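# Architecture at a glance
One-letter residues, chain by chain:
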Amino acid sequence: MMSTQSIAIHLPDGTVKEVPQGTTPLEIANSISPRLAAASVVARLTPLTTGAPRAADGASGGGKAEGEAEDDSAAAMYAAENAAGPRLVDLSTPLMADTKLELIKENDPDALKVVRHSAAHVLATAVLELFPETKLGHGPATDAGFFYDFYREKPFTPEDLAAIEKKMAEVVARDEKFVREYEPREQALAEFEKDSDFMKTHFVTRFTEAGSQVSFYRNGKFVDFCRGPHVPSTGRVKAVKVTKVAGAYWLGDEKNPQLQRIYGTAFFSKKEMDEHFARLEEAARRDHRVLGKQLDLFSIQELAGAGLIFWHPKGGIIRKVMEDWMKEECLRRGYQLVYTPHVARVNLWQTSGHEGFYAGNMFTPMELDDAMYRMKPMNCPFHILIYKNSPKSYRDLPARYAELGNVYRYERSGTMHGLLRVRGFTQDDAHIFCMPSQIEDEVAACIDFAEVVLKTFGFSEFKVELSTWDPKDRAHYVGSDENWQFATGSLEKVLKQKGIPYKTIPGEAAFYGPKIDVKLVDVLGRLWQLSTVQFDFNLPARFELEYVGEDGGRHQPVMVHRALFGSVERFFGVLIEHYAGAFPLWLAPVQAGLVPISEKHTAYAAKLEAELKAAGLRVETDARNEKMNAKIRDFALQKTPYILVFGDKEEAAGAVNVRTRGKTEQSSMPLAEFIAKAKGLVASQSTEL
Ligand SMILES: [Zn+2]
Ligand SMILES: [Zn+2]
């Protein structure tokens, strides 16, 4: 005999609804307001007690085959649900036990994933209607959209993709309900085997247990092995686009059949989708690898190797300006500049510990006649050797050693990416050795400095993260509890005193100490990790660093690593993309392009060039026998901030006609006036022209 029990549903506003067992989230939403029901996409359940019965849901997972190459996305899609934690379910799922319930609306990132996965079902529906011979793989949501793997002997053509997209629009317009169904596993397997559905057979075998019920989702005639959840119906997939098709071997093995992976993306509205594609286009237009070539800033040479950057003259001058600025600023702030070698004996890396925990990131050792050597992956041990080279007293502290140090790290081939991920780069590295009583001032000064770097180079927005340890995971951290409390406390105190909003990330500290990371936000809203300020309890102990205190006793100094650009190469890549190659005047490799109207004005061009250069400006004359407009166009393509054009009239007046990047109006002005204006903008690192 079945009796209907009542269950308690805890809503986010604190109210508790008593409802009969089997009530669905959609019914609860409707009882609150039909508008809420219409706006909800899925429901998030959090069981109130661990081990509580789950919602009615016969599917089970967990079967695991050993030693099999498996796509992570498949594992993530089909793996057993965590019954104890929060999980997403269909709005139509009958609720069987007391639970917390959140109705997830479109603004929740989880809702977007559910829509995207539902769009993958719509894609598969369309593909099977058009190409019924196709066999299905799986179709998860991804960060950027979704894909679905198909097996079909004939490749999908661009025309096929267009037809598929059209058919998807029909499936959406039909507004078919997504209905969850169950079938005994052995019956499901028999059907898949009969249809030679080798991928579905594999997934069911691998991710469900013998004797269990297997979960399917049906929309119209289309049925797919799936754990869900889904949006209520295909009509909720309001904006969807097929983006590309790519080949992939089944289970990543080239001996297996080749699949066709169709990619797409979906959004809650056409507007959001249009914005997404506009952003992608804008990001492609700003790609630093493309602009680096176009503007002749840098290259990567096949003959020399991947991940090694060649700075061309135009990139080189920008680097000089960046480095000069950084060195001057360091000196002004009480740092001392040091220079250290690129290689060192393996013994040094053993003392520092890199030979153990960091060996996998280093270039392999090279044997010379006296010892084994390694390229340096970090500058720290070198700065430590300078510190240790002479006895230090409290009067010498803080000692702040700064270096634009070249380091080499092993990155797997195929993982390099332009200036952003490389094997050789330049850190604007500094190590600060100080007394514990000085640490807060030092950290505060580092944060100030980081802010000045970002503002000077044209970034107004940034996010700060404090990475702390996980005291429960003692084995992964060096240093005493007191060390960690002191260091974390100092970092927190500085951020609070400065009123800087920050996010604490527990367990993300380096093993040797807590750190503050500053991530800048670029013009497209993308986050870039650049500046970092890190405590270190490890190296001062390993190298037995000391200073003689005021008390005459020997003490261990506190050590801080900090980098502000982070990597000069990476920072340059970010700058290129942030400015789309149109650098502010103080950074522009050529600040003004000179265009004589005809050969008659060559002598005046030489005179102008000399005067501009004498004023410290970077200029280039286009003396080719080309039309004036062609020369102007070429300077404009190079994104030159100013183009100075001159003929008889300008020569007679000692003037130039000035064209300013990004502006249509031109103005004639005496050369002296132009020089004064340009020098002013350079001196103030202005982003205006
Ligand atoms: Zn599904
Ligand atoms: Zn360091």
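Below is a summary of the structure that appears in this document. (Residues numbered from 1 in each chain as written. Chains lettered and ligands numbered in written order. Predicted model: local features only at pLDDT ≥ 70, side-chain atom pairs only at ≥ 80, totals over all residues. Heavy atoms only, no water.)

## Digging into the overall build of the protein
Threshold: Numbering goes from the N terminus for both helices and strands, where a helix is a DSSP run of H or I of at least four residues and a strand is a run of E of at least two. The rule is simple: take the accessible area with a 1.4 Å probe, protein chains only, and divide by the maximum for that residue type; under 20% is buried, over 50% is exposed, in between is partly exposed. Note on contacts: a residue pair qualifies if any of its non-hydrogen atoms lie within 4.5 Å across the two residues. Under the convention used here, a 1.4 Å probe and the Shrake-Rupley method define accessible areas, while residue burial counts only the protein chains that appear. Charge convention: Lys and Arg are scored as positive, Asp and Glu as negative, and His as well as the terminal groups of each chain are ignored. We put the charge of a Lys on NZ, of an Arg on CZ, of an Asp on CG and of a Glu on CD.
Counting its secondary structure elements, the protein contains 21 helices and 32 strands. If one aligns the C-alpha atoms of the protein with their principal axes, the spans along those axes are about 100 × 75 × 60 Å. Taking all 689 residues of the protein together, the buried fraction comes to 51%. Expressed as a percentage of contacts within the protein between residues at least 6 apart in sequence, the contacts between residues at least 24 apart total 72%. Surface summary for the protein: the accessible area is close to 32700 Å², and the carbon and sulfur share equals 53%. Side-chain charges of the protein comprise 85 positive and 94 negative groups, with the mean position of each set lying 4 Å from the other.

## A short note on the coordination of the zinc ion (ligand 1)
To be explicit about the condition: Donor atoms (N, O, S) are those found within 2.8 Å of the metal centre, with the cutoff raised to 3.2 Å for Na, K and Ca; water is not part of the atom list, so apparent gaps in a site can occur. Think of it this way: with four donors and all angles in the 85 to 135 degree range, the site is tetrahedral; with four or six donors, opposite ones beyond 155 degrees and the rest between 65 and 115, it is square planar or octahedral; otherwise it is irregular.
In the first shell of the zinc ion (ligand 1), the protein supplies His-117 (NE2), His-121 (NE2), Cys-226 (SG) and His-230 (NE2), at 1.9 to 2.2 Å from the metal. What the 4 donor atoms of the zinc ion (ligand 1) show is an angle range of 94 to 127° at the metal, which sorts the shape as tetrahedral. Every donor residue of the zinc ion (ligand 1) comes from the same chain, spaced as H-x3-H-x104-C-x3-H. With His-121 in helix α4 (residues 109–130) and Cys-226 in the loop between β10 (222–225) and β11 (239–249), the pair connects residues that are 105 residues apart, well separated along the chain. Both residues of the pair, His-121 and Cys-226, belong to the buried class.

## What about the pattern of salt bridges?
Note on pairing: side chains with opposite charge can pair once their charged atoms come close. Here is the rule we go by: The term salt bridge refers to a pairing of a side-chain nitrogen on Lys or Arg with a carboxyl oxygen on Asp or Glu at a separation within 4 Å.
One pass over the structure, following the stated rule, counts 46 salt bridges. Measuring nitrogen to oxygen at the nearest pair gives 3.0 Å for the salt bridge that ties Glu-546 to Arg-554. Glu-546 gets classed as partly exposed once you look at its relative accessible area, which sits at 37%. On the basis of relative accessibility, which here comes to 60%, the residue Arg-554 falls in the exposed class. The salt bridge partner of Arg-633 is Asp-634, with a shortest N-O separation of 3.6 Å.

## Re the coordination of the zinc ion (ligand 2)
Surrounding the zinc ion (ligand 2) are the protein donor atoms Cys-380 (SG), His-431 (NE2) and His-561 (ND1), which sit 2.0 to 2.3 Å from the metal. Here the donor residues for the zinc ion (ligand 2) map to a single chain with the spacing C-x50-H-x129-H. You can see Cys-380 sitting in helix α13 (residues 380–388) and its partner His-431 sitting in strand β20 (residues 424–434), a full 51 residues away along the chain. The pair formed by Cys-380 and His-431 is uniform in burial state, with each residue classed as buried.

## Re the pairing of strand β24 (residues 527–536)
Worth spelling out the cut-off: When DSSP finds two or more bridges between a pair of strands, those strands are recorded as paired.
Most of β24 is tucked away: 8 of the 10 residues are buried. With 7 bridges connecting them, strand β23 (residues 515–521) and β24 associate as antiparallel partners. Of the residues in β24, the one forming a bridge with Leu-520 is Trp-528. Where β23 folds back onto β24 in an antiparallel hairpin, the turn is made up of 5 residues, including Gly-525, whose phi is positive at roughly 85°. Across 5 bridges, β24 lies against strand β27 (residues 558–567) in antiparallel orientation. What sits directly across from Val-533, in β27, is Arg-562.

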